[in-house]
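# Coordinate analysis (summary)
So the chains spell out like this:
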Amino acid sequence: MSDFASTVSSIYSQALGVIESVEPRIAAATRAELSDQRASLKLIASENYASLPVLMTMGTWLSDKYAEGTIGHRFYAGCQNIDTVEDVAAEHARELFGAEYAYAQPHSGIDANLVAYWSILSHRIESPALERLGAKTVNDLTEADWEALRAEFNSQRVMGMSLDAGGHLTHGFRHNISGKMFRQRSYGTNPGTGLIDYDKLLADAREFKPLILVAGYSAYPRRVNFARMREIADAVGATLFVDMAHFAGLVAGKVFTGEEDPIPYADVVATTTHKSLRGPRGGLVLATKEYAASVDRGCPMVLGGPLGHVMAAKAVALAEARQPAFQTYAQAVADNAKTLADGLLRRGVNLVTGGTDNHLVLLDVGSFGLTGRQAESALLDSGIVTNRNSVPNDPNGAWYTTGVRIGTPALTTRGFGAAEFDRVAELITDVLKNTTPVATAAGAPGKARYDLAEGTAERTRAAAAELLAANPLYPGLEL
Ligand SMILES: *Cc1c(COP(=O)(O)O)cnc(C)c1O
């Protein structure tokens, strides 16, 4: 490691020197970001630290090539190396997840979801319509046919988890394109248990008859039974689309197996590559053979040129995730979340659903008299980076919220285990207990108002610094 670390240190130092000579503010911000990441307890459930090989793969001239199209079938000349890159990324994705088909082009999770939605629409709506009209391609349609097809697209129904129950914006939220391009109805969780109520979901689906049933979440601290989701989709003739953006690492690492593994049950699966999967910032779509051809038309349907350098980094990250060490990592992510949840519960913090069995924990800070925004800010003052999040039926709305979402993927990458996460639970509780809300004047939303008892921030920062120093980020990398 030390040879590698010193080589990488010198590469990055020199590269930043070159960048500095062009735009010093960017070199400075890049250096500062490393210090900031090193100096705080990063508990944001959707973040991680990609490996140095993954990061280095992104900094190359693969970025310079236009390669719109698909592997071996591009709209530009000279794409042989991008073909290789995309092919290797897709091969690793298929092998890692046991998927029939993988599409490595989406630039982000939202792009991957748009590709998924449009490929499902194209498979379920456009193809049958073309057949009905005796047209081979959309080019054969008359203007009147087009109008009818657009109307058909826009009248489709999607059913996904509501935002305040832990779903994502792209699952039909009214301010997202998914809530505008579809008629949508969301499903929530049982008010008593906080868990998905599959029987109620089935009854609602029978009534609403969605074309697409979306399973997946950003802030639900529990596992999903995808066999049940499949049954519900089948009962109403829906396509089952699973958005595993948050928990792909737990699927890759074989923590979620059997009915908790979405791949055998879903028609289409989309994910990010940068969250628990620990790759570069990007997206990925997996599909059954049946949906493969329509997913493959992500470009030109939704995407332009793929990011060759990022697809290359996806290939490297997916290769890493196929190593046995990644399964150890993924299991530790889940074990650590449990330790963190238990540590918080034991110290009197309320958790949505009363715990976790994935990588994230959702604190309900209402019992401290705090909003999520006040808690988030007080924790940040103390060197603990989290994000506020709605709890189901949140009394404080989506801006202030009553929850704080935390997760274990990033700090587990740094090497934190049970002892460290129990200590983190202690630090969080200490900060919450020492934060007093200061009422915000009605109609004056400004800063989060709270008082942090004297010495709390300093005490917590010192304790955090100790934990961080014992588990360095990119050890040996010195700039
Ligand atoms: C993070 C997330 C996304 C969006 O990913 P981006 O890369 O930020 O576009 C989509 N769906 C879910 C469930 C997510 O958690």
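Residues numbered from 1 in each chain as written. Predicted model: local features only at pLDDT ≥ 70, side-chain atom pairs only at ≥ 80, totals over all residues. Heavy atoms only, no water.

Take the overall build of the protein chain next. If you tally the helices and strands in the protein chain, you get 19 helices and 17 strands. By the compact-globule yardstick of 23 Å for 479 residues, the protein chain fits well, its C-alpha radius of gyration being 23 Å. Principal-axis analysis of the C-alpha atoms places the extent of the protein chain at approximately 75 × 55 × 45 Å. A fraction of 74% describes how many contacts in the protein chain between residues 6 or more apart in sequence connect residues 24 or more apart. If you sum the accessible surface of the protein chain, you get close to 20200 Å²; carbon and sulfur atoms cover 53% of it. Taking the average location of the 44 positive side-chain charges in the protein chain and that of its 53 negative ones, the two points are 3 Å from each other. (Helix = DSSP H or I, 4+ residues; strand = E, 2+ residues; numbered from the N terminus. Rg over C-alpha atoms; globule rule 2.2 N^0.38 Å. Contact = heavy atoms within 4.5 Å. Areas by Shrake-Rupley, 256 points an atom, 1.4 Å probe, with all protein chains shown as cover. Lys, Arg positive; Asp, Glu negative; His and termini not counted. Charge placed at Lys NZ, Arg CZ, Asp CG, Glu CD.)

Take the sheet that holds strand E11 (residues 350-351) next. Read from one edge of the open sheet, four strands run E11-E12-E15-E14, paired in antiparallel fashion. Each having just a single partner strand, E11 and strand E14 (387-389) make up the two edges of the open sheet. With five bridges connecting them, strand E12 (residues 360-364) and strand E15 (residues 403-407) associate as antiparallel partners. Residue pairing for E15: Leu360 is matched across the bridge by Gly407. Most of the contacts of helix H14 (residues 324-346) go to E12, to which it runs at about 20 degrees, and overall it touches E11, E12 and E15. (Pairing = 2+ DSSP bridges. Axes fitted to C-alpha atoms, helices over the stretch in contact; angles between N-to-C directions.)

The next point concerns the packing of helix H18 (residues 418-433) against helix H19 (residues 456-470). Each pair of packed helices can be summarised by the angle the axes make with each other and by the distance between the axes. For the pair H18 and H19, the least separation of the axes is 10 Å and the interaxial angle reads 170 degrees. It follows that H18 is roughly antiparallel to H19 by the angle criterion. Contact residues: H18 offers Glu420, Arg423, Val424, Leu427, Asp430 and Val431, while H19 offers Thr456, Arg459, Thr460, Ala463, Ala464 and Leu467. When its residues are assigned to classes, the contact of H18 with H19 shows six nonpolar, two polar and four charged. (Parallel < 35°, antiparallel > 145°, perpendicular 65-115°, else oblique. Nonpolar A, V, L, I, M, F, W, Y, C, P; charged D, E, K, R; others polar.)

As a further point, take the nonpolar core. One finds Phe97, Leu213, Met229, Val242, Met244, Leu277 and Leu286 to be the most contacted residues of the largest nonpolar core, which totals 60 residues. The biggest single contributor to this core is helix H4 (residues 80-97), with seven residues. Once residues within four sequence positions are removed from consideration, Phe97 is found in contact with Met244, Ala248, Val251, Ala252, Ile263, Leu277, Leu284, Leu286 and Leu318. Counting residues in each nonpolar core, the second largest holds 40 residues, with Leu41, Ala378, Ala425 and Leu477 among its members. (Core = buried A, V, L, I, M, F, W, Y, C linked by side-chain atoms within 4.5 Å. Buried < 20%, exposed > 50% of the residue type's maximum accessible area, 1.4 Å probe, protein only.)

The next point concerns the domain arrangement of the protein chain. The parts lose accessible area when they come together, and the size of an interface is often stated as this lost area. For the protein chain, the domain assignment lists domain 1 (62-321) and domain 2 (324-469). Placing the centre of domain 1 and that of domain 2 at their C-alpha centroids yields a distance of 31 Å. Each side of the interface is counted separately: domain 1 has 27 residues, and domain 2 has 26 residues. Approximately 2100 Å² of surface area, both sides summed, lies buried where domain 1 meets domain 2, with 57% of it carried by carbon and sulfur atoms. In this structure, the connection of domain 1 to domain 2 is made through one salt bridge. For Asp357, the salt bridge identified is with Arg222, shortest N-O distance 3.5 Å. The interface formed by domain 1 and domain 2 holds 12 residue pairs in polar contact (both at pLDDT 80 or more) in total. Put simply, the parts of the chain that give the side of domain 1 that touches domain 2 at least two residues each are helix H10 (248-252) and helix H13 (308-321). (Domains from an automatic or database assignment. Buried area = accessible area lost by both parts, 1.4 Å probe. Salt bridge = Lys/Arg side-chain N within 4 Å of Asp/Glu carboxyl O. Polar contact = N/O pair within 3.5 Å; in protein donor to acceptor, adjacent residues only side chain to side chain.)

Before going further, it helps to spend a moment on helix H5 (residues 109-132). Helix length check: H5, at 24 residues, gives a terminal C-alpha distance of 34 Å against a target of 34 Å (1.5 Å per residue), a fit within 8%. Of the residues that open H5, the one with a side-chain oxygen 3.4 Å from the backbone nitrogen of Ile110 is Ser108. Looking one or two places after H5, you find Gly134, whose phi comes out positive at around 70 degrees. (Expected span 1.5 Å × (residues − 1).)

Pairing is mixed across the open sheet formed by seven strands, whose spatial order is E4-E10-E9-E8-E7-E5-E6. Only two strands of the sheet have a single partner each, and these edge strands are strand E4 (101-103) and strand E6 (183-187). Across the sheet, the axes of successive neighbouring strands diverge by a mean angle of 20 degrees, strand direction being ignored. By the bridge criterion, five bridges tie strand E7 (residues 212-216) to strand E8 (residues 239-243) in an arrangement that is parallel. The residue of E8 that forms the bridge with Ala215 is Val242. Of the strands in this sheet, E4 and strand E10 (283-287) touch H4, which is tilted by about 135 degrees from E4.

Before going further, it helps to spend a moment on the pattern of salt bridges. Throughout the structure, instances matching the rule amount to 21 salt bridges. For Asp267, the salt bridge is made with Arg230, and the minimal N-O distance between the two is 3.0 Å. Taken together, the residues Asp267 in the loop between H10 and strand E9 (268-272) and Arg230 in helix H9 (residues 226-236) connect sequence positions 37 residues apart. Assigned by exposure class, Asp267 and Arg230 land together as buried. Through salt bridges with shared partners, a single network forms among Arg74, Asp83 and Glu86.

Below, the discussion takes up the pairing of E10. For E10, the tally of buried residues reaches five of five residues, placing the bulk of the element in the interior. Along E10, one buried face is formed by Gly283, Val285 and Ala287 and the opposite face, lined by Leu284 and Leu286, is buried too. Sheet topology places E4 next to E10; three bridges connect them, and they run antiparallel. By the bridge assignment, Ala102 is partnered in E10 with Leu286.

Okay, the side chain of Glu376 next. Mapped onto the secondary structure, Glu376 falls in helix H15 (residues 372-381). Polar side-chain contacts of Glu376 include one of 2.8 Å to the backbone nitrogen of Arg388. Non-local contacts of Glu376, meaning those with residues more than four positions away in its chain, are made with Thr386, Asn387, Arg388 and Val404.

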